[in-house]
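# Structure assessment
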Amino acid sequence: MNSSRILKVDYLSRVEGEGTLLIKTKNSHVEDIKFKIFEPPRFFEAFLRGRKYSEAPDITARICGICPVAYQMSSVHAMENAFGVKVEGQLRELRRLLYCGEWIESHVLHVYMLHAPDFLGYEDAIQLAKDFPDAVQRGLRLKKTGNDLVALLAGREIHPINVKVGGFYKLPQKKDFTGILERLKKARDEAYETVRWTATLPFPDFEYDYEFVALRHPSEYPFNEGRLVSNKGLDIDIHEYELMFHESHVPYSNALQSTMKGRMAYLTGPLARHNLNFDRLSPLAAEAAREVKMIPPVLNPFKSIIVRAIETVFACEEAIRIIENYEPPENPALNYSVRPGFGFGCTEAPRGILYHRYLIGDDGLIKDAKIVPPTAQNQRMIESDLRNFVTANFGLAKQDLTLQCEQLIRNYDPCISCATHFLKLTVEET
Amino acid sequence: MHFMRNPLPQAYGRRNIRNPNGVDPDLAGQEKPGKRLVTIVGVGNEFRGDDSVAILVSRILRDTLPDKVEVVELSGDQSNLLELMKDTDNLIIVDAVCSPAPAGTIFRINASEESFPSNFFTASTHSIDLARSIELARALKQLPSSVLVYGIVGKDFSFTPSLTQQVKESAETVKNKIMNDVERILASSLSSNPA
């Protein structure tokens, strides 16, 4: 029998930004998949040129409302790399603390508001809240704790404004952490509950032998530092990123797609971090992972929702550790001299690795900038997952298959606005 | 805005807001004050043209209304509205609206009695918008007994601190309507709880 189908989602919901999905199938064969990103390009790399090096953290933070800390961190690290500055001690710890806040607010929003409704068959979090009020309340409390931690350290929960090259503009005092510390301890327990709750969700039976790419640090679960490694042999310094990774433009997408040279698509994000850095998790986060049998290798991308919950436990634990050991440094920032040259930065945004590279001129102005966000890197892998998932699930009714394809895309918590610095869904059968 | 260099600012001119010293009771580990009778929330961005209309309205009201009425400006994550809703009996929200209707058109929605139409939800999901916050509170049975939303249709949302004339005129109208709303709420409270 000659059968063909078109699965089409004209406007993909519960993702950030504007995109669509079109899948054409014929005789149980996927003919075409287009993960189209039609959000207009935003030209950040272009308008960074000619701006002062010191403006990059605040300008790039404007790329995204949910992971501005990641943009600030990758850009300040790149500038510090260019100037030979090494931020260490309590200043470095404060930067990790700021990243903890961002991971909590971003992961919790995705787990409870964007992804959980898929698993439980609800249209959105509002419908979910009617039947699971305790869970949604827990999510809201957790998110507020993450928001407040970012606001405390950086002035406000969205588009923080306190990070500068060399350190911070203004430092918190010990007493500033009194209230948030107790709330983080409660949040840690609620994050653990979130791990248990997400582990009870029904997961589609789907696995793939991914190449996972993440940062790896000698002793820490990675936020802001480490070598770029994969489970298939990649092990490079971040300044070698462009030697190994290639960006290309496809006609149907306004976001550049990344591939690893000579290899296939790769996956970056929570699942990659978990599989490559499990031994670096904090004690309670590792305990939570073991309790719900999330021991690497975890190859089912739908289980990334559990990993986000585990990483939320980690972020709470790490934040508590940093606050309990905090002693305000003498100066909010290190002194440094501006010097011309290249600077490289790569940190772990909630959605995966975020690479920045700048060329700074003699005058301290940015001559060239390159920014590669995680969603752009994951595009190829999303298309690959969709091809494999649809092929394995031809028997599903069209509506169910379409919904599960959307759910699959949300495994990546894609941030289209970041990627264009980039979803609608269409599945066609002809 | 992102070029501000004082990252931990005091709450300038916020006489009636809950944390007049810029210290959030949650963060300071302090006990929160009791439930408010009336809270007014202006949602917007003061640097984006007509999007600043609600900020303007809330600042005028702050200087006009009695201290027991809390006035809050909200320009960040609107999920903070959920917290405000838990802590007040009567909530009045002002926001700018994108609509084909003429600039300055005023919408008044009694959100405690009717659900928000789906086209009020914005596309972004990286934060929880105003309509979703209200519907989420309704689903969680946390909606204050009265929630009024004033929407003022804007025309120019570009990077400018100035408002279009029609929107400025509507700001004055909405301010007067809210003062009447507050007067009615206070009078009703007095009659049910005489001193």
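Residues numbered from 1 in each chain as written. Chains lettered and ligands numbered in written order. Predicted model: local features only at pLDDT ≥ 70, side-chain atom pairs only at ≥ 80, totals over all residues.

Right, let's get into the overall build of chain A. Summing up its helical and strand segments, chain A has 14 helices and 15 strands in all. Compactness check: chain A gives a C-alpha radius of gyration of 21 Å against a globular reference of 22 Å for 430 residues, within 12% of the reference. C-alpha atoms of chain A, sized along the principal axes, occupy 75 × 50 × 35 Å. Counting all 430 residues of chain A, 56% fall into the buried class. (Helix = DSSP H or I, 4+ residues; strand = E, 2+ residues; numbered from the N terminus. Rg over C-alpha atoms; globule rule 2.2 N^0.38 Å. Buried ≥ 20, exposed ≤ 12 C-beta atoms within 10 Å, placed from the backbone.)

Across its full length, chain B holds 5 helices and 5 strands. The N-to-C order of helical and strand elements in chain B reads α-β-α-β-α-β-β-α-β-α. Across the 195 residues that make up chain B, the buried fraction comes to 39%.

All names here are of chain B. Pairing is mixed across the open sheet formed by 5 strands, whose spatial order is β2-β1-β3-β5-β4. Of all strands in the sheet, those bounded by a partner on one side alone are β2 (69-74) and β4 (106-110). Across the sheet, the mean angle separating the axes of adjacent strands is 15° when strand polarity is ignored. The pairing of strand β1 (residues 36-43) with β2 spans 6 bridges and is parallel. (Pairing = 2+ DSSP bridges. Axes fitted to C-alpha atoms, helices over the stretch in contact; angles between N-to-C directions.)

Moving on to helix α4 (residues 89-120) of chain A. Residue and element names in this part refer to chain A. Here α4 contains 32 residues, and its C-alpha end-to-end distance of 44 Å stays within 8% of the 46 Å for a straight helix at 1.5 Å per residue. The sharpest bend along α4 reaches about 35° and sits at Val111. Taking burial as the measure, the 32 residues of α4 include 24 buried ones, the bulk of the element. (Expected span 1.5 Å × (residues − 1). Bend = angle between axes of the 7 residues up to and from the residue.)

Residue and element names in this part refer to chain B. In terms of burial, strand β5 (residues 146-153) is a largely internal element, 7 of the 8 residues being buried. Where β4 and β5 come together, 5 bridges link them in antiparallel fashion. From the neighbouring strand, Ile106 faces β5, where its bridge partner is Ile152.

What follows covers the sheet that holds strand β6 (residues 212-216) of chain A. Residue and element names in this part refer to chain A. Spatial strand order, β8-β7-β6-β11: 4 strands in an open sheet with mixed pairing. Each edge of the sheet is formed by a strand with only one pairing partner; in this case those strands are β8 (235-236) and β11 (267-268). In this structure, strand β7 (residues 227-230) lies alongside β8, joined through 2 bridges in antiparallel fashion. From the neighbouring strand, Leu228 faces β8, where its bridge partner is Ile236. Sitting on the sheet, helix α9 (residues 270-277) is in contact with β6, β7 and β11, with an inclination near 65° to β6. (Contact = placed C-beta atoms within 7 Å.)

The next point concerns the packing of helix α10 (residues 283-291) of chain A against helix α11 (residues 304-324) of chain A. Residues and elements named next belong to chain A. Between α10 and α11, the shortest axis-to-axis distance is 8 Å and the interhelical angle comes to 160°. Judged by the angle between their axes, α10 and α11 are roughly antiparallel. Where α10 crosses over α11, the two elements pack in a sense that is right-handed. Here Leu284, Ala285, Ala288 and Ala289 of α10 lie close against α11, whose contacting residues are Ile310, Val313, Phe314 and Glu317. In terms of residue class, the contact of α10 with α11 is built from 7 nonpolar, no polar and 1 charged. (Parallel < 35°, antiparallel > 145°, perpendicular 65-115°, else oblique. Left-handed = near helix turned anticlockwise from the far one by under 90°. Nonpolar A, V, L, I, M, F, W, Y, C, P; charged D, E, K, R; others polar.)

Residues and elements named next belong to chain A. The element α9 is extensively covered by neighbouring structure, given that 8 of its 8 residues are classed as buried. Turning to α9, its buried residues are Pro270, Leu271, Ala272, Arg273, His274, Asn275, Leu276 and Asn277. Each element contacted by the buried residues of α9 is listed here: β6, β7, β11, α11, β12 (341-349) and β13 (352-360).

On to the nonpolar core, then. One finds Ile310, Ala319 and Cys405 of chain A to be the most contacted residues of the largest nonpolar core, which totals 173 residues. Residue contributions to this core peak at 14 residues, all from α4 of chain A. (Core = buried A, V, L, I, M, F, W, Y, C linked by C-beta atoms within 7 Å.)

Turning to the confidence of the model for chain B, a few remarks are in order. All names here are of chain B. Taken residue by residue, chain B gives an average pLDDT of 79. The fraction at 70 or more is 75%. Taken together, the stretch residues 1-23 has pLDDT below 50 and engages in 39 contacts with residues farther than four places along the chain or on a different chain. Interface confidence in the predicted complex, given as ipTM, is 0.75; pTM for the same model is 0.87. (pLDDT = per-residue confidence, 0-100.)

Another aspect to go through is unusual backbone geometry. Residue Pro297 of chain A is bonded to the preceding Pro296 of chain A through a cis peptide linkage, with omega at 5°. The residue Pro297 of chain A is located in the loop between α10 and α11 in this model. Residues other than glycine seldom take positive phi values, yet Asp413 of chain A does so here, at roughly 45°. Note that Asp413 of chain A resides in the loop between α13 (398-410) and α14 (416-419). In this structure Asp413 of chain A comes out as buried when scored by C-beta crowding, with 30 C-beta atoms within 10 Å. We note that Lys141 of chain B has phi near 60°; this positive angle belongs to a residue other than glycine. Structurally, the position occupied by Lys141 of chain B is in the loop between α4 (130-139) and β5. On the basis of neighbour counts, which here come to 9 C-beta atoms within 10 Å, the residue Lys141 of chain B falls in the exposed class.

Bringing the confidence of the model for chain A into the picture now. Confidence in the prediction of chain A, expressed as mean pLDDT, is 90, and 93% of residues score 70 or more. This model gives residues 420-425 of chain A a pLDDT under 50, and the stretch forms 49 contacts once residues within four places in sequence are excluded.

Residues and elements named next belong to chain A. Look at helix α3 (residues 68-83) against α4: their axes get within 9 Å of each other, and the N-to-C directions meet at 150°. Here α4 runs roughly antiparallel to α3, going by the angle between their axes. Seen from above, α3 lies across α4 with left-handed handedness. Of the residues in α4, those touching α3 at Val69, Ala70 and Met73 are Arg95, Leu98, Tyr99 and Glu102. A breakdown of the residues in the contact of α3 with α4 according to their chemical character gives 5 nonpolar, no polar and 2 charged.

A few words now on the environment of Lys177 of chain B. Inspection of the secondary structure puts Lys177 of chain B in helix α5 (residues 165-192). A sequence separation of 41 residues divides Lys177 of chain B from Leu136 of chain B, and the C-alpha atoms of the two residues are 26 Å apart.

In this section: the environment of Ala187 of chain A. Residue and element names in this part refer to chain A. Within the fold, Ala187 resides in helix α7 (residues 178-199). Sequence separation of Ala187 and Gly139 is 48 residues, and the distance between their C-alpha atoms is 9.6 Å. Filtering out sequence-adjacent residues up to four positions away, Ala187 remains in contact with Ile104, Leu142, Thr145 and Cys316.

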